[in-house]
Amino acid sequence: MRSFYQYMMRFRGAKQVTNETRLADWIFHDHSFPKQSRSYDEISRYLEWNIPFTEALQVFDRLWEQYQEDTA
């Protein structure tokens, strides 16, 4: 099973900047992000303490649901 970090890397490098690409790029550049984690609670807590932009938590929640569906 892929980590959430690995899942998010599919959103990097898109020509059109969206909140999904912004979050993926931020995760990529943040060396403290829990890259091996598959835990909603761990990642959610990390984002709450290190929120990169206002909508990041809503974007994360939506992408987490997609991640769960894609990795089930």
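Refer to the structure presented above.
Residues numbered from 1 in each chain as written. Predicted model: local features only at pLDDT ≥ 70, side-chain atom pairs only at ≥ 80, totals over all residues. Heavy atoms only, no water.

Asker: How should I be thinking about the side chain of Glu20 in this particular structure?
Answerer: Along the chain, Glu20 turns up in helix 2 (residues 19-29). Looking at Glu20, its side chain comes within polar contact range of the side chain of Thr18, at 3.2 Å. A distance of 2.7 Å separates the side chain of Glu20 from the side chain of Arg62, its partner in a polar contact. Sequence-distant contacts of Glu20, that is, excluding residues within four places in its chain, are made with Met8, Phe11, Val59, Arg62 and Leu63. (Helix = DSSP H or I, 4+ residues; strand = E, 2+ residues; numbered from the N terminus. Polar contact = N/O pair within 3.5 Å; in protein donor to acceptor, adjacent residues only side chain to side chain. Contact = heavy atoms within 4.5 Å.)

Asker: When you look at helix 3 (residues 40-49) in this model, what are you seeing that I'm missing?
Answerer: Residues three or four positions apart in an α-helix share a direction because the helix packs 3.6 residues into each turn. Among all positions of helix 3, only Ile43, Ser44, Tyr46 and Leu47 are buried. Looking straight down helix 3, one finds its buried side chains confined to an arc of 160°; they lie on one side. Elements in contact with the buried residues of helix 3: helix 1 (4-8), helix 2 and helix 4 (56-71). (Buried < 20%, exposed > 50% of the residue type's maximum accessible area, 1.4 Å probe, protein only. Arc of directions from axis to C-beta.)

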